[in-house]
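Chain by chain, the residues:
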Amino acid sequence: MKTFLFWVLCWNHICGSQSDLDWWRTANFYQIYPRSFKDSNGDGIGDLNGITERLPYLKDLGIHAVWLSPIFKSPMKDFGYDISDFYDIQPEYGTLQDFDRLIRIAHDLNLKILLDFVPNHSSNENEWFEKSANRDPDFEDFYVWHPGKDDPSDPTKKVPPSNWRSVFRGSAWTYHNKRGEYYLHQFAHFQPDLNYRNPKVVDTMKGVLRYWLDKGVDGFRVDAVPNLFEILPQNDHYPDEPHSSLTEDENSFDYLQHIYTMDQPETVEMLYQWREVLDVYTARDGNMRTMLSESDSEISILMTYYGDGIRNGSHVPFNFKLLFNLNKNSNAIDFRNTIHIWLDNLPEGCVANWVIGNHDRNRVANRFGSSRIDLINMIINTLPGISITYYGEEIGMMDVFVTWEDSVDPAACNSDPDHYLEFSRDPARTPFQWDDSTSSGFSTNPKTWLPVSPLYKEVNVKVERSSRRSHYKVYRKLLQLRRTPTLQKGNVETRTHGQNVLSITRSYPGEDTFITLVNIGPDHEMIDLRELFSGRLIFHIVSVSSSRQEGDVVRVPILNLDPYEAIILKGAIQY
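Residues numbered from 1 in each chain as written. Predicted model: local features only at pLDDT ≥ 70, side-chain atom pairs only at ≥ 80, totals over all residues. Heavy atoms only, no water.

Caption draft 1: Spatial organisation of the sheet that holds strand 14 (residues 316–317). Taking strand neighbours across the sheet as the criterion, the eight strands line up as 14-13-12-6-3-2-16-15 in an open arrangement whose pairing is parallel. Either end of the sheet is taken by a strand with one partner, and the two such strands are strand 14 and strand 15 (353–355). With four bridges connecting them, strand 12 (residues 219–222) and strand 13 (residues 290–293) associate as parallel partners. Counted as the bridge partner of Gly219 is Thr290 from strand 13. Contacting strand 6 (112–117), strand 12 and strand 13, helix 7 (residues 266–285) runs over the sheet at an angle of about 155° to strand 13. (Pairing = 2+ DSSP bridges. Helix = DSSP H or I, 4+ residues; strand = E, 2+ residues; numbered from the N terminus. Contact = heavy atoms within 4.5 Å. Axes fitted to C-alpha atoms, helices over the stretch in contact; angles between N-to-C directions.)

Next up, the structure:
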């Protein structure tokens, strides 16, 4: 018999009584990249009316809440993460009236809509920045400015205030000729950082939240939380950050340890203040306005995002551990250890969440291999708490090769033709594959903003809905399973069986038990089911490549798992 490790969590204790579960505690969140979901007017760019048109698809799939990547008015140099007007819609996407219609129809379908709140910076074309550059008294300190340091080789010139590096390579400081000072941009030069040490900035951004809450949104995903604050100048100078030893590329963001520009103490306090804004709206009608926050900080910092025992913070501090720590070379022990980074540190009363893809990372099929698509979806959807899905992962979309000439992502364009694919996020942002018609049913235009996958005729919603087995059907069954009391309220037990088999057992008194079994490795593996359950078991959900039949009874106690096979077994109620 193979050795195994196990761990049990009493989920009722962690989540409180849960007699009346708030919708978000076990919700399925779905990220839409608006440019790529559905084009309603034939210009090759996705838009709000296209999203509205496809809301019934998401409802039928089993989604509870939709998070929209930025839809605000923008020069689109970073596709919405450079906002020129926080109070209006990007014309390519539609109008405020289109947005109102989307909200109304989503709510009629009992779907929640969350917006991407981008608080760290604006576009340099935002009127706030233009006024700040002109030293308008109301905006002079709206951004982070500094005159720079004396150039030791030329006393008539100034050099950047510090060695800080941008996420998009190069210095995080750019000189503004009109103002005669450097401004900070932790991302691209066209994304100047707002100054959260200025109370006017804090009040203004709270006003942005209220504006969209008044329009009916159900919450926000907060972008780039760790970058909100940087250390105060010391004697009017910013200190240099130390070398990280991760790379010798001096232009790389990874060249430095970001001890002065990320995870400053004030960051968590700001999250608590934003939560207070949302809670005012929640108190009015009882509908929880939910906050998701983006960060991959140390686990001890992330746990403070939830709250401090007195004040509440983010409902969902993104759990990127699965996303960043695992790849196609990881085994079952790696998976289990990574899962427990979160579960073992989760504060009482808080809810875990599981993120396996987003617009900044390669797709699941490319990071783990196409044979593991169902396996990954089974893991994140049978663990306790919240699951978060990036559009297209439910049908097994893959990255699309994008040539240097077609690249539009600034992370790639700031590189060169020989290295751009190392940085490009374009391959994971391509149009959604609805059917086998022109441009995969995404648009009537054969020319789309990014190229459509060459696999779209085989991998699309229409084909997978009609197939006897498909990733879509597995995913939809998983979301149906998540509605059961066992998955919503039950205990969780995780085990590894040898190097390559992971089991997740969910149980709840008076309800069926469900056991997820995944063979992460390329070899056949055996597992003794008596280690997990003593009663009758049936195959409840099986991966596309499995030879099992759903509904069949498990006849033998020793189960032989095929390479990359993933199944969910149902055990009868134990009395």
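Caption draft 2: Seen up close, the side chain of Thr26. Residue placement: Thr26 occurs in the loop between helix 1 (11–15) and strand 2 (28–32). At 3.3 Å, the side chain of Thr26 and the side chain of Gln488 are in polar contact. (Polar contact = N/O pair within 3.5 Å; in protein donor to acceptor, adjacent residues only side chain to side chain.)

Caption draft 3: Geometry of the pattern of salt bridges. Enumeration over the complete set of coordinates arrives at 31 salt bridges. Asp138 is paired through a salt bridge with Lys200; the nearest N and O atoms lie 3.5 Å apart. Here the residue Asp138 occupies a position in the loop between helix 5 (127–133) and strand 7 (145–146), and Lys200 occupies one in helix 6 (residues 199–214), the gap between them amounting to 62 residues. Residue Lys200 is classed as partly exposed on the basis of its relative accessible area of 40%. Residues joined in a network through salt bridges with shared partners are Asp78, Asp360, Asp409, Arg425 and Arg429. (Salt bridge = Lys/Arg side-chain N within 4 Å of Asp/Glu carboxyl O. Buried < 20%, exposed > 50% of the residue type's maximum accessible area, 1.4 Å probe, protein only.)

Caption draft 4: Region of the structure containing helix 6. The terminal C-alpha atoms of helix 6, which comprises 16 residues, lie 22 Å apart, in line with the 22 Å expected from a rise of 1.5 Å per residue. Of all the residues in helix 6, the buried ones are Val201, Val202, Met205, Lys206, Val208, Leu209, Trp212 and Leu213. The buried residues of helix 6 occupy an angular sector of 145° when projected down its axis, which confines them to one face. Across helix 6 from its buried face, at more than 90 degrees, point the exposed residues Pro199, Asp203 and Asp214. Its side-chain oxygen at 2.9 Å from the backbone nitrogen of Lys200, Asn198 defines the N-terminal cap of helix 6. (Expected span 1.5 Å × (residues − 1). Arc of directions from axis to C-beta.)

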